[in-house]
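Structure assessment
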Amino acid sequence: MTYDGFPPFISAQLHYLINHFAHPVRVEQAWSGSKYSNTLDRFTLLIPYCLDTIKWDVIYNAEFPHAPPDIIFGPEDEDFHPFYNESGGEGDSRSIKNSLATWNNKDPTRLLALIWELRDQYMSYQRKRVGEVDDDRLKFEICTMLSREGIEMHMSSGVEKPEEVKFAVPLMDMNINKMVVGCPWRHPQKISLQVIYPVNRKYVSAPSAPHLKLMSTPALKSLFSVDDVKLPPWLDGMCMAEYLPHLEETLERQVSEAVSLIEVRRRFIEALAPLFGRPIETDSVFYRKSMFFVASGAFSFLVLFFLSTQFPKQQPSLMLQSSMYFNSQGMPIKSPLLTDYPWSPRWEHSQMAERTFEFLVDESVNFKKYCNEAQLQQNQH
Amino acid sequence: MEDLQLQKIAISGPTLASMIQRFSSSLGDVDGFIFGHVTHITPSTLSDDSASASTDSHLVATITGFICSGVPLSFYDSLGRVDSLKIPPLQHHHQQLLGWLSGRRHSPLRPSLREFSVTDSLSKIPQFHFPVKTQTRTLTLMPCVFILFTTPLADQLIHTHQYRAYQFNTFNRSFHPKTIDVINIGPAFRGHYGSFAPNCALPFMNCSSAAMEEESLSAKKEKVSDQEQLDLCAEGFQVESLKRLVGPDAASYTAGLEDLYEKMLAKVESLARLVESSSAQVLELENNNRKLRYKVARSTGLE
């Protein structure tokens, strides 16, 4: 996202917000409110909330730079009135302290302070709405979970949708960023459990299991995929307070294992070097990708190794890429992904490397033929 | 005090067009006041009406005038707290402050954080509460009408402006969308003129022959003040000529009335010219201000 088109004071505040906000916020679209110029001064902000995003429109006025911005909330939040003071009538000059009252357009941190304050109020507003739901199980679950740090909740009620309450429960008090050597992540990586309860207004003898889904910050995928985790079963009559400790324990073990697997992948790539030569390129944080240059007689090509987070249980996917043959678009000819070749996770690293090498010696003949055919076809056209 | 629901909001086509024109010719976002009156319409009591119809509200807010500030935050602060000293006094006794309007380009057609606060704050000022007479009793209403103007976010649409009217419910602090009934002149709207009560800006003037010829100081004084009143709506029409419209001289009534009418038209025309030239001046000033603001914005960003 570029900040061209915004006047400098908006651009400075927006820049600061996007770079310093605790959650990754994004600008979806921006418009101009001026008659004569095309100066952008209003935009839709996407703010992560409860494992989802909320869209708020921030309305500045390029023609009146000293005026603080106004906010338009989502259409489903028409009852959300932050900064509202019950008694405040006309000219009420009692010292109200909030980011709008003390606005200063020259201070680049102000937009962040405003959005932070509003998101905080939004959290309380949603918590209040969820608290008002007349459902005994929900009331119980809220009581037991409320003490969890960083828990967020959301009440969704549409005309056509059934009412449901959504919780975002942050799991595990472990700093994953610290566990990774040379950690490239700017935001702390987190795993959360999304719990969705249908609202039961009447007494139900056996309330249905909530809908459970593990979610993580997107960048965590290069280390650990939450999709690979099998959630423990939800037993009848269970509650979150019983379910969470067990889940957290399992997850903690799996994340530690995932971190230790980085080292396993690194050692495998090192074991490849005596046979393939030094890699041209390697992902040196997670060791998920590596590229080697191989020559077999006059035929030379690149070998790409893709290692999954499940390595060594799952064998690497290989891809060959020619350095001499190109297709009609001028792109180097590539083999399809090779995933089926002799492999055992019980082998030593050196044996894994040797067996892969042997496979590739045979495969290179096929690949050469494949390249020649592709070339021939191209010449015929 | 019960909550009084408006059935609809009525506005004449030219007034609405003029609001949109003010919004579309403004530099940036704008706000303003809406004036008019609320009337209680006689409910129809036809026997075949459904039962629910009788419980409907019979209050109609009619917008007769507005003031557009041309700027945002003209009468409230950043938190939306209204400063009642910045609200202009009412021009006519039959006009009330009905509410306010906000216009902002390229933004969603929903009330914003600040618009909510302003509407809430405005409805709480007791001096702007006004009475509404029904057949049986007198109700008290507050400025609760809010009209929002925006321009669409998507460029491909055919329409260039959009608006929505709301009534602010002071009890549960929420906006209720209301239909805007655009009233135009023509046979289809004849019903609206049935309840028309003409009102005249001119006070009672003594224009009998005797009064006109009286030479006393007080009579002269009265004549001067009458002339001033008359000059407000007609150009170059002598107060003495009024006597031709009453008494024995009324035989030449038509000619006299035509004369008055022509002079009134002349007044309107000269007012229009005045507006035209002052608009040009305003535009020039606005352009100048815009350049200055641009300079300020540049320098703020550089600091």
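All figures in this text were calculated on a predicted structure; none of them were measured in a lab. (Residues numbered from 1 in each chain as written. Chains lettered and ligands numbered in written order. Predicted model: local features only at pLDDT ≥ 70, side-chain atom pairs only at ≥ 80, totals over all residues.)

Our focus in this paragraph is the overall build of chain A. Tallying secondary structure elements over chain A gives 6 helices and 13 strands in all. When the backbone C-alpha atoms are referred to their principal axes, chain A occupies close to 90 × 65 × 40 Å. (Helix = DSSP H or I, 4+ residues; strand = E, 2+ residues; numbered from the N terminus.)

The subject of this paragraph is the sheet that holds strand E13 (residues 332-334) of chain A. Two strands in a sheet stick together by hydrogen bonds in their backbones, pointing the same way (parallel) or opposite ways (antiparallel). Residue and element names in this part refer to chain A. With respect to topology, 5 strands assemble into an open sheet ordered E9-E10-E11-E12-E13, the strand pairing being antiparallel. One side of each edge strand has no neighbouring strand; the edge strands of this open sheet are strand E9 (281-282) and E13. Where E9 meets strand E10 (residues 289-296), 2 bridges bridge the pair, whose relative direction is antiparallel. Within E10, the position partnered with Glu 281 by the bridge is Met 291. Where helix H5 (residues 240-276) meets the sheet, it contacts E9, E10 and strand E11 (299-306), and its direction lies at approximately 15° from that of E10. Here helix H6 (residues 349-380) sits on the sheet and contacts E10, E11, strand E12 (317-326) and E13; the angle it forms with E12, its principal contact strand, is near 45°. (Pairing = 2+ DSSP bridges. Contact = placed C-beta atoms within 7 Å. Axes fitted to C-alpha atoms, helices over the stretch in contact; angles between N-to-C directions.)

Right, let's talk about the packing of H5(A) against H6(A) for a bit. Between two packed helices, both the angle of their axes relative to each other and the distance between the axes serve to describe the pair. All names here are of chain A. At their nearest, the axes of H5 and H6 sit 8 Å apart, and the two run at 50° to each other. Viewed along their axes, H5 and H6 adopt a mutual orientation that is oblique. Here H5 runs over H6; the crossing is right-handed. Contacts between H5 and H6 pair Arg 267, Phe 268, Ala 271, Leu 272, Leu 275 and Phe 276 from the former with His 349, Ser 350, Met 352, Ala 353, Glu 354 and Phe 357 from the latter. Residue composition of the contact of H5 with H6, by class: 8 nonpolar, 2 polar and 2 charged. (Parallel < 35°, antiparallel > 145°, perpendicular 65-115°, else oblique. Left-handed = near helix turned anticlockwise from the far one by under 90°. Nonpolar A, V, L, I, M, F, W, Y, C, P; charged D, E, K, R; others polar.)

In the numbering adopted here, UniProt assigns the feature "coiled-coil region" (unreviewed entry) to residues 268-295 of chain B. Along residues 268-295 of chain B, the helical share is 100% and the strand share 0%, with 40 Å between the first and last C-alpha atoms. (UniProt positions renumbered as here; feature names shortened; annotations may be inferred.)

This brings us to unusual backbone geometry. With an omega dihedral of 5°, the bond running from A:Phe311 to A:Pro312 counts as a cis peptide bond. Structurally, A:Pro312 is set in the loop between E11 and E12. Backbone geometry at A:Tyr287 places phi at a positive 55°, although glycine is not the residue there. Tracing the chain through its elements places A:Tyr287 in the loop between E9 and E10. Residue A:Tyr287 is classed as buried on the basis of its C-beta count, with 21 C-beta atoms lying within 10 Å. The backbone of B:Arg173 shows a phi angle near 50°, a positive value even though the residue is not glycine. (Buried ≥ 20, exposed ≤ 12 C-beta atoms within 10 Å, placed from the backbone.)

With that out of the way, let us pick up the sheet that holds strand E8 (residues 211-216) of chain A. All names here are of chain A. As summarised here, the arrangement of the 4 strands in space is E5-E6-E7-E8, forming an open sheet in which the pairing is antiparallel. The open sheet has two free edges, formed respectively by strand E5 (152-156) and E8, since each of these has just one partner strand. For this sheet the average axis-to-axis angle between neighbouring strands, irrespective of direction, equals 20°. Bridge analysis of strand E6 (residues 164-171) against strand E7 (residues 191-198) gives 8 bridges, and the strand direction is antiparallel. Across the sheet, the residue bridging to Glu 164 is Pro 198, located in E7. Along the sheet face, helix H2 (residues 110-131) touches E5 and E6 and points at about 60° away from the line of E5. Running over the sheet, H5 touches E6 and E7 and is turned about 40° from E6.

What follows deals with the environment of A:Leu244. Residues and elements named next belong to chain A. Among the structural elements, Leu 244 can be located in helix H5. Judged by C-beta crowding, with 17 C-beta atoms within 10 Å, Leu 244 ranks as partly exposed. Taking the C-alpha atoms as reference points, Leu 244 and Ser 308, 64 residues apart in sequence, are found 28 Å from one another.

Let's shift gears to the interface of chain A and chain B. Taken together, the 40 residues of chain A in the interface contact 38 residues of chain B. At the level of secondary structure, the elements contributing two or more residues to the side of chain A that touches chain B comprise helix H1 (8-20), strand E1 (26-32), strand E3 (52-59) and strand E4 (70-72) of chain A. Taken together, the residues of the side of chain A that touches chain B break down into 22 nonpolar, 9 polar and 9 charged.

Residues and elements named next belong to chain A. Confidence in the prediction for chain A averages 85 pLDDT; 93% of positions are at 70 or higher. When the elements of chain A are averaged for pLDDT, helix H4 (residues 176-179) gives the smallest value, 83, and E4 the largest, 95. Here residues 88-93 is modelled with pLDDT under 50, and outside its nearest four sequence neighbours on either side it reaches 15 contacts, counting other chains as well. (pLDDT = per-residue confidence, 0-100.)

This part is about the pairing of strand E9 (residues 174-178) of chain B. Relative to E9(B), strand E8 (residues 162-169) of chain B runs antiparallel, the two sharing 5 bridges. Paired with B:Gln167 across the strands is B:His176, a residue of E9(B).

Here we take up the environment of A:Phe21. Mapped onto the secondary structure, A:Phe21 falls in the loop between H1 and E1. It is 55 Å that separates the C-alpha atoms of A:Phe21 and A:Gln377, two residues lying 356 residues apart in sequence.

Moving on, we come to the domain arrangement of chain A. As far as domains go, chain A holds domain 1 (8-81 + 105-124), domain 2 (133-260) and domain 3 (288-380). Each of domain 1 of chain A and domain 3 of chain A has a C-alpha centre, and these two points are 49 Å apart. (Domains from an automatic or database assignment.)

Residues shown with low pLDDT carry predicted positions that ought not to be read at fine detail. Residue and element names in this part refer to chain B. Per-chain confidence: chain B averages 82 in pLDDT, with 83% of residues scoring 70 or above. Mean pLDDT per element in chain B: helix H2 (residues 51-55) is the minimum at 45, and strand E7 (residues 145-150) is the maximum at 96. Confidence drops under pLDDT 50 across residues 51-55; counting only partners more than four residues distant or on other chains, this segment forms 2 contacts. Across the interfaces of the predicted complex, the ipTM metric reaches 0.77, alongside a pTM of 0.77.

Glancing now at the nonpolar core. Of all hydrophobic cores here, the largest spans 45 residues; its most connected members are A:Val165, A:Phe167, A:Val169, A:Leu171, A:Val195, A:Leu272 and A:Val303. Within the residue set of this core, elements represented by two or more residues are E6, E7, H5, E11, E12 and H6 of chain A. In this view, A:Phe167 contacts A:Met145, A:Ile151, A:Met153 and A:Val195; residues no more than four positions away in its chain are not counted. Listed in part, the 37 residues of the second largest apolar core include B:Ile11, B:Tyr76, B:Ile87 and B:Met142. (Core = buried A, V, L, I, M, F, W, Y, C linked by C-beta atoms within 7 Å.)

Residue and element names in this part refer to chain A. Interaxial distance between H1 and H2 falls to 7 Å at its minimum, and their mutual angle equals 55°. Accordingly, the angle class assigned to the pair H1 and H2 is oblique. In contact with Gln 13, Leu 14, Tyr 16, Leu 17 and His 20 of H1, H2 contributes Arg 110, Leu 111, Leu 112 and Ile 115. The class makeup of the residues in the contact of H1 with H2 is 6 nonpolar, 2 polar and 1 charged.

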